[in-house]
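The lines below spell out each chain.
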Amino acid sequence: MNLTAPLAALGANVLAALAMIGRIALFAADTVSHLFRPPFYGREFLQALLHIGWLSLPVVGMTTLFTGGALALQIYAGGARFSAEAVVPSIVAIGMVRELGPVLGGLMVAARVASSVAAEIGTMKVTEQIDALVTLSTNPMKYLTLPRVLAATLAVPLLVGVGDVVGIMGGFLVGITRLDFNAAAYLKNTMDFLEVFDVVSGLIKGAAFGFIVALIGCYYGMNSGRGAQGVGRATKSAVVAASVLIFAANYILTELFFSA
């Protein structure tokens, strides 16, 4: 039995992962570089903004509403063990705006947008529409990737902001209907303990997550294999990669904000 085979396999996987990270980093740098060079396709940007922002609003709102309500119940159950039920409003608000709002919003957008972008661009590649763009002297990165990445970077913080409000409202509704909180006291505790930096840090996370989601969707779409199976694999890989990168970026940003 060759004892070095497992190490060789591990090394090959690590090298493949590093190579993938390098390719995505170069893809991101190429995308950002087109932001400062004309032309800019405003129609594509507006369509992407509508698709990523407005059409994602219902799923983000429903997700954060139920999460805020469940969070209030869980915090109340834990706080009751230490006679600290009064912390429910403040913890719900801080937890939503700093962590759950951005992460859940990013994941919902990843599930909806990364998959659709990868499938759309992958299908365009399979049907040779991207080759047609090149033939017409249109840069695919500028026409397909940049508008979607820019739209997601701008739209997801707005979705996170709406999700924060809806999530806090979910906790408020549960607090006054199920946990017997006074409505005025609940809102006062929420506002007293919530700081501007809490909201701003969540919005910054939202912008980073939006950039990641659209970038990964475009990357896997541009590099999808031929045929229906290639598009399917690209779609699956885009959602998985975007979700993992959102969690990784969330920890990195949280660490930076914690140190600030």
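This text goes with the structure placed above it.
Below: a short report on this structure. (Residues numbered from 1 in each chain as written. Predicted model: local features only at pLDDT ≥ 70, side-chain atom pairs only at ≥ 80, totals over all residues. Heavy atoms only, no water.)

### Some thoughts on helix α6 (residues 140–177)
So, step 1. End to end, α6 covers 53 Å across 38 residues, agreeing with the expected 56 Å (1.5 Å per residue, within 8%).
So, step 2. The sharpest bend along α6 comes to roughly 35°, located at Leu 146, with the proline Pro 147 sitting one to four residues further on.
So, step 3. Extensive coverage of α6 is indicated by the burial of 27 of its 38 residues.
So, step 4. Its side-chain oxygen 2.9 Å from the backbone nitrogen of Met 141, Asn 139 forms the N-cap of α6. (Helix = DSSP H or I, 4+ residues; strand = E, 2+ residues; numbered from the N terminus. Expected span 1.5 Å × (residues − 1). Bend = angle between axes of the 7 residues up to and from the residue. Buried < 20%, exposed > 50% of the residue type's maximum accessible area, 1.4 Å probe, protein only. Polar contact = N/O pair within 3.5 Å; in protein donor to acceptor, adjacent residues only side chain to side chain.)

### Focus on the nonpolar core
Inside soluble globular proteins, nonpolar side chains tend to come together where they are buried.
So, step 1. Counting residues in each nonpolar core, the largest one holds 45 residues, and the members touching the most others are Ile 52, Val 109 and Ile 216.
So, step 2. Contributions of two or more residues to this core are made by α1 (5–33), α2 (42–52), α4 (88–126), α5 (129–135), α6, α8 (196–222) and α9 (227–259).
So, step 3. Each residue touching Ile 216, except ones within four places of it in the same chain, is listed here: Ile 24, Ala 238, Ala 241, Ala 242 and Leu 245.
So, step 4. Among the nonpolar cores identified, the runner-up in size contains 14 residues, and Ile 75, Val 92, Ala 93 and Ile 168 belong to it. (Core = buried A, V, L, I, M, F, W, Y, C linked by side-chain atoms within 4.5 Å. Contact = heavy atoms within 4.5 Å.)

### Section: unusual backbone geometry
So, step 1. A cis amide bond links Pro 38 with the next residue in sequence, Pro 39, at an omega value of 0°.
So, step 2. Its place among the elements puts Pro 39 in the loop between α1 and α2.
So, step 3. Located in the positive-phi region is Glu 128, a residue other than glycine, with phi close to 65°.
So, step 4. Within the fold, Glu 128 resides in the loop between α4 and α5.

### Things to note about the packing of helix α3 (residues 57–79) against α4
So, step 1. Interaxial distance between α3 and α4 falls to 9 Å at its minimum, and their mutual angle equals 145°. Pair α3 / α4 crosses with right-handed handedness. Of the residues in α4, those in contact with Val 59, Val 60, Thr 63, Thr 64, Thr 67, Gly 68, Leu 71, Ala 72, Ile 75 and Tyr 76 of α3 are Val 88, Ile 91, Val 92, Met 96, Leu 100, Leu 104, Gly 105, Met 108 and Val 109.
So, step 2. Each residue belonging to the contact of α3 with α4 can be placed in one class, and the counts come to 14 nonpolar, 5 polar and no charged. (Axes fitted to C-alpha atoms, helices over the stretch in contact; angles between N-to-C directions. Left-handed = near helix turned anticlockwise from the far one by under 90°. Nonpolar A, V, L, I, M, F, W, Y, C, P; charged D, E, K, R; others polar.)

### Re the packing of α6 against helix α7 (residues 183–193)
So, step 1. Between α6 and α7, the shortest axis-to-axis distance is 10 Å and the interhelical angle comes to 145°. Note on packing geometry: the crossing formed by α6 with α7 is right-handed. Residues Ile 168, Gly 171, Phe 172, Gly 175 and Ile 176 of α6 form the contact with α7, whose participating residues are Ala 183, Tyr 186, Leu 187 and Thr 190.
So, step 2. Taken together, the residues of the contact of α6 with α7 break down into 6 nonpolar, 3 polar and no charged.

### Things to note about the side chain of Ser 56
So, step 1. Note that Ser 56 resides in the loop between α2 and α3.
So, step 2. When its relative accessible area of 0% is taken as the criterion, Ser 56 is described as buried.
So, step 3. What Ser 56 contacts, discounting residues up to four positions off in sequence, is His 51, Val 109, Arg 112, Val 113 and Leu 159.

### Description of the environment of Gly 22
So, step 1. Among the secondary structure elements, Gly 22 is positioned in helix α1.
So, step 2. Since its relative accessible area comes to 30%, Gly 22 is described here as partly exposed.
So, step 3. Separated by 52 residues in sequence, Gly 22 and Gln 74 have C-alpha atoms that sit 41 Å apart.

### A word on the packing of aromatic side chains
So, step 1. This structure, assessed with the given rule, holds 8 aromatic pairs.
So, step 2. Both rings, one in Phe 40 and one in Phe 45, keep their centres 5.8 Å apart while their planes meet at 55°; by these two values the pair is tilted.
So, step 3. For the pair Phe 172 and Tyr 186, a centre-to-centre distance of 5.5 Å together with 70° between the ring planes defines the contact as edge-to-face. Here Tyr 186 lies in helix α7 and Phe 172 lies in helix α6, a separation of 14 residues in the sequence. A single burial state applies to Phe 172 and to Tyr 186, both of which are buried.
So, step 4. Put simply, the rings of Tyr 76, Phe 172, Phe 181 and Tyr 186 touch in pairs and so form one group of aromatic residues. (Phe/Tyr/Trp six-rings, centres within 6.5 Å; stacked < 30°, edge-to-face > 60°.)

### A closer look at the pattern of salt bridges
So, step 1. Inspection of the entire model under this criterion finds 4 salt bridges.
So, step 2. A salt bridge links Lys 205 to Glu 99, with the shortest nitrogen-to-oxygen separation between them at 3.2 Å. Of this pair, Lys 205 sits in helix α8 while Glu 99 sits in helix α4, and the two are 106 residues apart along the sequence.
So, step 3. Since its relative accessible area comes to 31%, Glu 99 is described here as partly exposed. (Salt bridge = Lys/Arg side-chain N within 4 Å of Asp/Glu carboxyl O.)

### Considerations on the side chain of His 34
So, step 1. Within the fold, His 34 resides in the loop between α1 and α2.
So, step 2. The class for His 34 is buried, based on a relative accessible area of 6%.
So, step 3. Apart from the residues lying within four places of it in its own chain, the contact partners of His 34 are Asn 139, Met 141, Lys 142 and Leu 146.

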